[in-house]
Structures are given as C-alpha cells and as structure tokens.
Amino acid sequence: MSFAMTSVIAQAAPAAGQAANPLLTFLPLIVLFGVMYFLMIRPQMKRQKEHRQMVSALAKGDEVVTNGGIAGRVEEVGEAFLTVEIAPNVKVRVQKGSISQVLPKGSLKAS
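Residues numbered from 1 in each chain as written. Predicted model: local features only at pLDDT ≥ 70, side-chain atom pairs only at ≥ 80, totals over all residues. Heavy atoms only, no water.

As recorded in an unreviewed UniProt entry, the chain goes by the name Sec translocon accessory complex subunit YajC, listed as coming from Dyella lutea. One UniProt comment on the chain, placed under Sequence similarities (unreviewed entry), says "Belongs to the YajC family." For the record of the chain, the UniProt heading Subcellular location (unreviewed entry) holds the text "Cell membrane". (UniProt positions renumbered as here; feature names shortened; annotations may be inferred.)

So, in structure tokens, the structure goes:
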C-alpha cells in the first residue's frame, strides 16, 4: 500500500497588494443565519405568541389539556396558576404555561 501523494495542488495566496473581500468571506455565515432565522427562529416566535394569547384568554369553564396529558375543566384562574377539575371533586393547581391546548366545549363529556 502506498500512501504517498502523487499530486498536490496548492491554492495561491493573494498577492501582497490584494486583500480578500471581507463580504465574500462572511457571505456563507450571513446566508446560514438567514436560513436559520426563517426556518427555526421565526416559526418558534410565532408559536410562542400564539401560546401566550391562548393562555391569556383562558376563563372559568374552559376545557384544557396540560403538557402532561391531564384533561380537565378550568375552575379558577389566577395570575400565574389555574385550578383544573380533572374528576368530580378532584382539583389540581397547574401553572398557566403548562396548558398545551384548549378543547372545544363539551369534549370532556363526550369521552
């Protein structure tokens, strides 16, 4: 086995009077940031805004599902916490941010 390199092509360095264009040097980084913004950052910000609006619109009687999968009816709305009735006379307090979805009215009685 021969690991010797048969030909090596070296890229010539710019002459002393010429400097590389800094815009062309950073262009791939700028394009990558733009792609990341439109594919990851912007949609996540949109989802956060929709979740904030959903949580602020919660009211007594709404049927909700928590991040843990517990479904129940909102009994009391506080500033940071909700009281959710998950069964007759069984109430739990959860943080508002843990609500993942608001169900249509009557969904809990149907199941």
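Next comes the rest of the write-up.
Okay, the pairing of strand E2 (residues 71-77) next. In terms of strand pairing, strand E1 (residues 63-66) meets E2 through three bridges, oriented antiparallel. Its bridge partner lying in E2, Glu63 is registered against Arg73. Linking two consecutive strands that pair antiparallel, namely E1 and E2, is a turn of four residues; a positive phi of about 95 degrees is found at Gly69 within it. Bridging between E2 and strand E3 (residues 81-87) involves four bridges; their strand directions are antiparallel. Looking at E3, one finds that Val77 is bridged to Leu82. (Pairing = 2+ DSSP bridges. Helix = DSSP H or I, 4+ residues; strand = E, 2+ residues; numbered from the N terminus.)

When the UniProt feature table is mapped onto this chain numbering, "transmembrane region" (unreviewed entry) sits at residues 25-42. Helix makes up 100% of residues 25-42 and strand 0%. Its end C-alpha atoms lie 26 Å apart.

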